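Descriptive analysis of the structure
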Amino acid sequence: MRNSPLPRMSRRGRVTVGVLVGVFILFTLLGWGIDAYTDYLWFDEVQKTAVFSGVLTTRLVLFLVVGAVMTLIVAGNLYLAYRLRPLLRPHSAEQATLERYRMILAPRLGTWITVTGLVIGFFAGLSAQARWGDWMLFRNGGTFGEVDPQFGVDISFYIFEYPLWRYLLGLGFTAVVLSVIGSLAVHYIFGGVRLQGVGDRMTTAARAHLTSLVAVFVLLKAVAYVLDRRALLLEQHVSPGLYGAGYTDVNALLPAKEILAYISVVVAIAIIVFSNAVMRNLVWPGVSLALLAISAVAIGGIYPLAVQNFQVKPSLYDKEAEYITRSIESTRAAFGLENTEVSEYPTGDGRPPEDLAADPSAQNVRVIDPQLVSQAFTVSQQSRGFYDFGEKLDVDRYTIAGKTQDYVVGAREIDDEKLTAQQSNWLNRHTVYTHGYGLVAAPANQKCDTGLPLFASGLLGSEGGAENVNKCITPTQELEAQQPRIYYGEKSTEYAIVGQAPGGKNVEFDRPRGQSTNSGEEYYTYSGKGGVEIGSFFRRMIFAIKNTESNFVLSGAVNDNSKLMYIRQPRERVEKVAPFLTIDGDPYPAVVDGRIVWILDGYTTAKTYPYAQKINLATETEDRLTGTGSFALARDDVNYMRNSVKATVDAYDGTVTLYEFDDKDPILKAWNKAFGGDLIVPKAQIPQTLADHFRYPADLFKVQRNLLTKFHVEDSRVFFSGEDFWQVPNAPDAPQSGFQPPFYLNVKLPEQTESRFQLTAGVTPLKRENMAALVSGSYINGEPRLEILQLRDNTIAPGPVQVHQLMVNKENIANQLTLLNRGGQASVLYGNLISLPLGNDILYVEPVYVKSSQANAAPLLQKVLMSYGDGGSYVVLEDNLTKGLEALAALGKNGAPPTSPTNPTTPTPGATPTPSTSVSPSAAPPTEVPGDLAAAAAAVDKAIEDLKAAKRSGDLTKEGQALIALDEAIKRFQDLDKTQSGASASPSPTPGG
């Protein structure tokens, strides 16, 4: 009895399903179309349509070609299986059951095969279009001019060709496996393959079809074995923990994979011949596949394992020495470490030099910490509550009146999250509060008496005049930008609509006229070339749909002259223009030719450089400040990295410019060629005024520093023993918070001929805390220079964590730091500890900030903690950098540091204060202290004890009275100290602080 066919869907049902599917496809295509169109408009605005069209065309072609090929292969094999079906099938229960499925499939078999092929092709095309980068490099890649140490093949094969060949091989395997599965199913349904009944279980045609597919699979396996030989140079094999082919790989696995490739070819031929021409059954093909599997296990597994265990392990270094050297050399070449200069730094007796205070490098040490001072910038320079400078500021250098020095800089931007509820409506958010104003800068080595930075630029209203000298503001604004408005910045997360209607008035909030909230405001209308024109109704409708916002069409704020600014953050703009670059996590603003520009570092990376160590970018660039004002890099594994591009984004009009910085990088040349050859501006055309602000990129430096902790060792035997490895120290004041960040300084290190703006970091021996070396990165004539200042093995200098502990645990220093807490009403914060080799030893400088417990209080720089030499013998705590250097120099001049402080600025509870904050062990007698000063110090001690008792009692009234008494006691002591020392308070800013 024949099985009845499935009931058919009614006409109305088919129409309903068709309409729903059509609507879904329409809206999907509409969304894609709008995204593509608005992207094109954006690229047209920045004049980089070659990137848009190049990427889109490549992705579309790959999708169509690979999708079509996959569809043809799979659908063709399914159709072939149907055409090879037997016309007569033996009667059996199995065939009776399958007849129902044949009745369903046969009438529309072409449709079923087409749909199946298209679905598989669609997903294959999606996979292929994501490989647009591999295809572009494959088409446009040049040569490296260097060969791998094993095969003598140019490195370009591994970078430009290998990834695509590997992908195509995987695609081939997928196509064959799907074809085998699909064909087997069709053969089974239509009787070509049977599990029951008399006669052969497989027809001749089905056997020929399926065995041919299996033979193709085995041939692809032969190709895989050939590529696997090259892949050995990219995998972790060399002991200990290095990448590339080791002794076992070269002498066992390489020959094994070559043999297996030949065996695979023989097996593929045997499958076709024995199954179709000689024996016409599957016995010998099955035996051939079994022999291939056994060979793979024996030759490719057991034999290399035996070589490793019985030849390599008993004499591991002797066997691996050559390959360790290969890995060291390749890693240094891949990450730009090969020209690192190493010099020894002989530490002396630790005595501060007498001319320490006059040393230009010592005077340039940064005490304004970019992270801690951010809130001080915001509180004192924001004028309005919605201004913000970010969580971390940046460090740059400027030459003023012939003198080059470091400045801490920050862009005053509008933070949309700080707008009030009234200010946050659509009109205000997108048409009024559109831009920030000014680059605020402060010398990195100076402070005001109040503890605030000494602001030098970016001021609002009438600030900066002579009447403001006593407000921590320089009399003249030294770094003022001619166009200070910031439409494109790190806080520009929302789109902005700019442009004035004919005869209209200015509506964009520009700046307040002064610091007072009642001083009035100025308004502005954007006149630059940035933004996409949205004057036409069509474009307004497009962006209304894209942003799901009807005001684009309905609001009168959008007029015929309106422009829309979107994708406004500098890092996002560069990533969109150059999707092949990895962008450094710390963009920084600079004033160049009167305009504020954002400077970003772009890296070209690869993950297939032979024998090079593979690292994870997110892990290697993470430190204490990651995520605090800087972006974390993606978790990409790479083994090649170059700072090939310096990118700029104009803060006013959003212009993105990509400058070639590494003119020898083959990867950058390939990308530039792929996009027409004019995407990257040649290095020779970089304006000198811009190049003056280039700095060694932080993320690249952290990667190189971390690699140098091992790969500074070039001798394979020393590397194998690991006895000279280093490590990156943790943050000195909070070791549990992560690694210590590197620091920018404009100084001259030993062995250098002149001062340079350089990024510096200390490293310590592995699993120890003493200092091993200092690593610095800088530019000389536009070329990167890495240098290692290595301490001699017979000297022991404390590392950053040890120095911090030695300084803060000095008895008198600790007592004074405790006083800064003001009885729990404030907290003491430490800036990044700076280690600077000077003279015959190392100068350590650590700024000390005090933050009140009051809401929104900013940390203020109150003291500078400094030491020289061993970190514990010569220690001073002074008001500013200049006083600290002078105090250290005085200690060095005296020959031996006194045991007691002299000239204290704060009392020492529990001890008789003496006239210095410099502390060091010595037998020198203390200076006699006047009785009234000692009595004042005792009163401070008593006030502190009273405050502690009040806190324990829980009586808030007594606690408040005790706080008042403590403030009065401290003030009394300070007044007496100033009177007896002859010091007078000066309201003017203190240089060198």
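Cut-offs and rules
- Residues numbered from 1 in each chain as written.
- Predicted model: local features only at pLDDT ≥ 70, side-chain atom pairs only at ≥ 80, totals over all residues.
- Heavy atoms only, no water.
- Helix = DSSP H or I, 4+ residues; strand = E, 2+ residues; numbered from the N terminus.
- Buried < 20%, exposed > 50% of the residue type's maximum accessible area, 1.4 Å probe, protein only.
- Contact = heavy atoms within 4.5 Å.
- Areas by Shrake-Rupley, 256 points an atom, 1.4 Å probe, with all protein chains shown as cover.
- Expected span 1.5 Å × (residues − 1).
- Bend = angle between axes of the 7 residues up to and from the residue.
- Pairing = 2+ DSSP bridges.
- UniProt positions renumbered as here; feature names shortened; annotations may be inferred.
- Salt bridge = Lys/Arg side-chain N within 4 Å of Asp/Glu carboxyl O.
- Phe/Tyr/Trp six-rings, centres within 6.5 Å; stacked < 30°, edge-to-face > 60°.
- Lys NZ or Arg CZ within 6 Å of the ring centre and 35° of its normal.
- Axes fitted to C-alpha atoms, helices over the stretch in contact; angles between N-to-C directions.

**Things to note about the overall build of the chain**
- What the chain contains, in helices and strands, is 26 helices and 34 strands.
- Looking at the 993 residues of the chain, the share that counts as buried comes to 54%.
- Counting only contacts in the chain whose residues sit at least 6 apart along the sequence, the fraction spanning at least 24 positions is 69%.
- By element, 56% of the accessible surface of the chain is carried by carbon and sulfur atoms, the whole surface being about 43,400 Å².

**A closer look at unusual backbone geometry**
- For T548, which is not glycine, the phi dihedral falls at a positive 50 degrees.
- Secondary-structure assignment places T548 in the loop between helix 14 (537-547) and helix 15 (551-554).
- The class of T548 is exposed, set by a relative accessible area of 69%.
- Positive phi outside glycine occurs at N781, with the angle close to 55 degrees.
- With respect to the helices, strands and loops of the structure, N781 is situated in the loop between strand 27 (773-780) and strand 28 (783-791).

**Quick word on helix 9 (residues 283-312)**
- The terminal C-alpha atoms of helix 9, which comprises 30 residues, lie 41 Å apart, in line with the 44 Å expected from a rise of 1.5 Å per residue.
- Within helix 9, the axis deviates most sharply at I302, by approximately 25 degrees, and proline P304 lies no more than four positions further along.
- Burial in helix 9 covers these residues: P285, S288, L292, S295, P304, V307 and V312.

**Some remarks on the pairing of strand 5 (residues 394-400)**
- When you tally the buried positions in strand 5, you get five out of seven residues, the bulk of the element.
- Two elements, strand 5 and strand 6 (residues 403-411), share seven bridges in a ladder whose sense is antiparallel. Residue pairing for strand 6: V395 is matched across the bridge by V408.

**Structural notes on the UniProt feature "transmembrane region" (unreviewed entry) in the chain**
- Residues given the UniProt feature "transmembrane region" (unreviewed entry) here are residues 60-82, 109-130, 167-190, 210-227, 259-279 and 286-306.
- Taken end to end, residues 109-130 is 95% helix and 0% strand, and its first and last C-alpha atoms sit 32 Å apart.
- Between the end C-alpha atoms of residues 167-190 there is a gap of 34 Å, over a span that is 96% helix and 0% strand.

**With respect to the pattern of salt bridges**
- Across all of its chains, the model carries 37 salt bridges by this definition.
- The shortest N-O distance in the salt bridge between R166 and D228 comes to 2.6 Å. A residue pair is termed long-range when its members are at least 10 positions apart, and R166 in helix 6 (residues 155-189) and D228 in helix 7 (residues 204-231) qualify at 62 residues.
- For R166, a relative accessible area of 28% gives the class partly exposed.
- Here E417 and R429 are joined by a salt bridge, their closest N and O atoms 4.0 Å apart.

**Description of the packing of aromatic side chains**
- Applying the stated criterion across every chain yields a total of 43 aromatic pairs.
- A ring pair is formed by Y487 and Y652, whose centres lie 5.6 Å apart and whose planes are at 80 degrees; its orientation type is edge-to-face. Linking Y487 in the loop between strand 10 (485-486) and strand 11 (496-498) with Y652 in the loop between strand 21 (640-650) and strand 22 (656-660), this pair joins segments that are 165 residues apart in sequence. Y652 matches Y487 in its accessibility class, with the two residues each being buried.
- Connected via pairs of aromatic rings, a cluster forms that spans F386, Y387, Y433, F509 and Y523.
- The aromatic ring of F151 is capped on one face by R230, whose charged end is 5.1 Å from the ring centroid.
- The residue whose ring lies beneath R485 is Y524, and the NZ or CZ to ring-centre distance is 3.9 Å.

**What to know about the sheet that holds strand 9 (residues 439-443)**
- Spatial ordering of the open sheet is given by 5-6-9, a layout of three strands whose pairing is antiparallel. In the strand order of this sheet, the two ends are held by strand 5 and strand 9, each with one partner. Pairs of neighbouring strands in the sheet enclose a mean axial angle of 45 degrees, with direction left out of account.
- Judged from the five bridges that link them, strand 6 and strand 9 form a sheet pairing that is antiparallel. Residue pairing across strands places A411 opposite L439, the latter belonging to strand 9.

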